[in-house]
Amino acid sequence: MMKSVTLCTIALSALLTVLASTHLVHARDASESTEYRCPPCGCNQDAIAFAYPGKCPSCNMQLVAVPTGITKTIDHQLAPYLETGMLGAIYTKLIYPIFAVGILLSLFLLLKGIRGRSLNVFLTGIILVLSLYGFKNQLYAVNYSLTNTYKSLFTPISFIVVLGPLLFFYIKSLTVSSFKWHRMYLYHFVPGILVFLYYGILALLPEEIKLQFMFSPFEVLFSHSEQIAAVLLGGVYLYFAVKNYNHWKADHPVRNRKLASWVFRFLLGLALLLGFWGIMILVNLWIYDFGVATVSYNPLWLVMGITLLWLGVEIASNPKFFLLNKSTNLVNGNRVMSVEELSNLKNGLKGLMVDQKLYTDPNLSLNTLALALDINPKYLSMMLNNSLGKNFYDFINEYRIEDIKKRLADGSNRNLTIEAIANQAGFRSKSSFNAAFKKQLGMTPREFMKQGNP
């Protein structure tokens, strides 16, 4: 994993070198052009043509050559969508509120998470990272149009480069029952920490220096490098997340369909977002020589806002699935489950065991079974102990041993060893099978066979 991330970092450095050389070629070609304009940066002169090269009198950004040929045709189609005023109504009524609500919601869920009643922390982090990055750039656009200040642009709330690691660990936490956070995983978030320190230092500088830094080539390079890193690293981690998901599907032939469906939709949604973002970066390079300011990525902000809205709808429409630690339908305070609730839960367990034969999954755990029932693992364990008088493993092993007895009675299995049959029924090892068999029947499998049983 870390080797692939290292290779991705090397590829990013090579890409930036190519971009720098491309910039020089474009600059040389631009010297022969007769029309120049300010890049779509959001100022009031970013669509005005100038006869000579230089800097924009409004925002002081370097003018770029007006494209020609097919590039000019594409530019004319895209330019309106990169002008700040184009989507002003959508910003104020949709995009601004979505980013703001996303921040407030994720912060609220993180606080609630301390009490164990929140979303998966990685999913919450994804919502927060997307919301902060979008909100930061939109806040800069508002300040630019109202007060012409750049303070918000250097606010240290950009963590978009950790979107990939958050995505990967979220999928891993869903598909690996034994997953536990390890402090070594913090290395995956080092890029985010470095970006935070970078913006944190700039935020402390006087505003005059911020203005100079804003229009320096280094700041433009850093801004676009941050985006390229976010997309490339996001693609690498997405690849490993998909790989992890495919392994989970292969190892769990009997699995939670709701979980599998959600993971597929989530991976597809994030892949589309990263893919669209990558296209925006390539268009910015090809058409505008990286002259389009991030704030003018209007199509991206719209897609990112729709992504956040989609995640919010998914969560709101199925809270019991996402808020697994919240006892919404089982316990209210110290109230014990009603007879009807207990009956429904038992029927659900029977369906999973008898119809879907969930016990044949050797990786079945209390958490996995609770997820399939939309119930808190804690209360499932309490129900098994208090209502059935069994712990989780005794409950599952009873079904496995009954299955083994039926398989032994089936003449078509005579060529199989008892150990092979036990593995088919869900036991992971011979020792665990022998221990469970003796605990339930009071004898070893060999003794059971000697008594004339099939």
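Notes on the structure follow.

**Section: the overall build of the protein**
Okay, step 1: The helix and strand tally for the protein stands at 18 helices and three strands.
Okay, step 2: Going through the 454 residues of the protein one by one, you find that 44% of them count as buried.
Okay, step 3: Restricting the contact set of the protein to residue pairs at least 6 apart, pairs at least 24 apart contribute 68%.
Okay, step 4: About 23400 Å² of surface is accessible on the protein, with carbon and sulfur atoms providing 62% of the total.

**Re helix α10 (residues 298-317)**
Okay, step 1: With 20 residues, α10 should reach 28 Å at 1.5 Å per residue; the first-to-last C-alpha distance of 28 Å fits that figure.
Okay, step 2: Restricting attention to buried positions, one finds in α10 the residues N298, L300, W301, M304, G305, T307, L308, L311, E314 and I315.

**Let's talk about the pattern of salt bridges**
Okay, step 1: Applying the stated rule across the entire model yields five salt bridges.
Okay, step 2: The partner of E314 in a salt bridge is R265, with the nearest N and O atoms 3.0 Å apart. Here the residue E314 occupies a position in helix α10, and R265 occupies one in helix α9 (residues 257-288), the gap between them amounting to 49 residues.
Okay, step 3: When its relative accessible area of 13% is taken as the criterion, E314 is described as buried.
Okay, step 4: For R265, a relative accessible area of 31% gives the class partly exposed.
Okay, step 5: Residues D394 and K439 are paired through a salt bridge, measuring 3.0 Å at the closest nitrogen-oxygen approach. Of the two residues, D394 sits in helix α15 (residues 392-409) while K439 sits in helix α17 (residues 430-441), which places them 45 residues apart along the sequence.
Okay, step 6: Accessibility expressed as a relative area gives 22% for D394, which makes it partly exposed.

**Description of the packing of α15 against helix α16 (residues 418-425)**
Okay, step 1: Viewed as axis vectors pointing N to C, α15 and α16 meet at an angle of 130°, and their least axial separation amounts to 9 Å. As judged from the angle between their axes, α15 and α16 are oblique. The chirality of how α15 crosses α16 is right-handed. Judged by residue contacts, R400, D403, I404, R407 and L408 of α15 engage I418, I421, A422, Q424 and A425 from α16.

**A short note on the packing of helix α13 (residues 366-373) against helix α14 (residues 377-387)**
Packed helices, taken two at a time, are described by the angle between their axes plus the distance between the axes.
Okay, step 1: For the pair α13 and α14, the least separation of the axes is 9 Å and the interaxial angle reads 100°. By the angle class used here, α13 and α14 are roughly perpendicular. Contact with α13, carried on its side by L366, N367, L369, A370 and L373, involves P377, L380 and S381 of α14 and no other residues of that element.

**Focus on unusual backbone geometry**
Okay, step 1: Of note in the backbone geometry, K357 takes a positive phi value of approximately 50° without being a glycine.
Okay, step 2: Relative to the helices and strands, K357 is located in the loop between α12 (339-355) and α13.
Okay, step 3: The exposure class assigned to K357 is partly exposed, which follows from its relative accessible area of 39%.

**A few points about the environment of F322**
Okay, step 1: Positionally, F322 belongs in helix α11 (residues 319-322).
Okay, step 2: A relative accessible area of 9% places F322 in the buried class.
Okay, step 3: Separated by 199 residues in the primary sequence, F322 and L123 place their C-alpha atoms 9.6 Å from one another.

**Things to note about the nonpolar core**
Okay, step 1: By size, the foremost hydrophobic cluster in this structure holds 64 residues, and its most contacted members are I160, Y170, F266, L267 and W277.
Okay, step 2: For this core, the elements supplying multiple residues, two or more each, are α3 (88-113), α4 (121-146), α5 (163-175), α6 (190-203), α8 (217-251), α9, α10 and α11.
Okay, step 3: When near neighbours in sequence (up to four residues on either side) are disregarded, L267 contacts L167, I171, L238, A241, V242 and Y245.

**Quick word on the packing of aromatic side chains**
Okay, step 1: Taken as a whole and assessed by the stated rule, the structure comprises 25 aromatic pairs.
Okay, step 2: Considering the side-chain rings of F168 and F169, the 5.3 Å spacing of their centres and the 70° angle between planes classify their relative orientation as edge-to-face. With respect to class, F168 is no different from F169; both count as buried.
Okay, step 3: Measuring from centroid to centroid gives 5.0 Å for Y170 and F266, while their planes differ by 70°, and the two rings are edge-to-face. With Y170 in helix α5 and F266 in helix α9, this pair connects stretches of sequence that are 96 residues apart.
Okay, step 4: Classification of F266 as buried rests on a relative accessible area of 0%.
Okay, step 5: Chaining the aromatic ring pairs together yields one cluster made of F122, F168, F169, W181, Y185, F189 and Y237.
Okay, step 6: Its end group placed over the ring of Y199, K136 keeps NZ or CZ at 3.3 Å from the ring centre.
Okay, step 7: Against the face of F427 rests R400, its NZ or CZ located 5.6 Å from the ring centre.

Cut-offs used in this document
Residues numbered from 1 in each chain as written. Predicted model: local features only at pLDDT ≥ 70, side-chain atom pairs only at ≥ 80, totals over all residues. Heavy atoms only, no water. Helix = DSSP H or I, 4+ residues; strand = E, 2+ residues; numbered from the N terminus. Buried < 20%, exposed > 50% of the residue type's maximum accessible area, 1.4 Å probe, protein only. Contact = heavy atoms within 4.5 Å. Areas by Shrake-Rupley, 256 points an atom, 1.4 Å probe, with all protein chains shown as cover. Expected span 1.5 Å × (residues − 1). Salt bridge = Lys/Arg side-chain N within 4 Å of Asp/Glu carboxyl O. Axes fitted to C-alpha atoms, helices over the stretch in contact; angles between N-to-C directions. Parallel < 35°, antiparallel > 145°, perpendicular 65-115°, else oblique. Left-handed = near helix turned anticlockwise from the far one by under 90°. Core = buried A, V, L, I, M, F, W, Y, C linked by side-chain atoms within 4.5 Å. Phe/Tyr/Trp six-rings, centres within 6.5 Å; stacked < 30°, edge-to-face > 60°. Lys NZ or Arg CZ within 6 Å of the ring centre and 35° of its normal.

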